[in-house]
Amino acid sequence: MVFNGISRVFDLTDEQQYDTIGQFWDEIASVYGLENLQGLGYAWQGNTLFYAIGLKDGDIEGYNVRISLPDDGWETVKGQTDCLKAMYDKIYQNGRLQYEIEMFYEDGTCEISYYRI
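Read on for an overview of the structure. (Residues numbered from 1 in each chain as written. Predicted model: local features only at pLDDT ≥ 70, side-chain atom pairs only at ≥ 80, totals over all residues. Heavy atoms only, no water.)

### Considering the nonpolar core
- Ranked by internal contacts, the top residues of the largest apolar core, which has 23 residues, are Phe24, Trp25, Ile28, Leu37, Tyr51, Ile53 and Ile112.
- Mapped by element, the contributors of at least two residues to this core are β1 (2-11), α1 (17-32), β3 (48-55), α2 (84-92), β6 (97-104) and β7 (109-116).
- With 5 residues, the top contributor of residues to this core is α1.
- When sequence neighbours within four positions are dropped, the list of residues in contact with Leu37 reads Trp25, Ile28, Ala29, Tyr32, Ile53, Gly54, Leu55, Lys56, Ile60 and Met103. (Core = buried A, V, L, I, M, F, W, Y, C linked by side-chain atoms within 4.5 Å. Buried < 20%, exposed > 50% of the residue type's maximum accessible area, 1.4 Å probe, protein only. Helix = DSSP H or I, 4+ residues; strand = E, 2+ residues; numbered from the N terminus. Contact = heavy atoms within 4.5 Å.)

Structure below.
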């Protein structure tokens, strides 16, 4: 599987990534619509995270990253977007991740697929 997206780097200090990545989502969703997008977290380095947003189908205009992802070995959880931090707390109890793919829906739910190192 290949992910093409618009990538930015986010600071993880004091869990501020929830707000800043949320703003990134708002910006891109205003153009493409929330449910047409997926976000990819990758390349954690110290207190930073590389995060890209791309289309579920096709290539997002102006993409600046192309990442080959594993086809198998992903785990998926679903829940309420307002419980995102708790969902990640539970996921990280079993160790670090190599990749995470997020999808958000207008009804306030979300889906996280993750690939552990």
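### Some words on the pairing of β6
- The buried fraction of β6 is high, at 7 of 8 residues.
- Summarising the sheet, strand β2 (residues 37-45) and β6 pair through 4 bridges and their orientation is antiparallel. When the bridges of β6 are listed, Gly41 appears paired with Glu100.
- Here 7 bridges tie β6 to β7, and the two strands are oriented antiparallel to one another. If you follow Glu100 over to β7, its bridge partner there is Tyr114. (Pairing = 2+ DSSP bridges.)

### Notes on the sheet that holds β3
- Strand order in this open sheet of 7 strands is β4-β1-β3-β2-β6-β7-β5, and the pairing throughout is antiparallel. Either end of the sheet is taken by a strand with one partner, and the two such strands are β4 (65-68) and β5 (75-80). Averaged over all neighbouring strand pairs, the angle between strand axes comes to 30 degrees, with direction disregarded. (Axes fitted to C-alpha atoms, helices over the stretch in contact; angles between N-to-C directions.)

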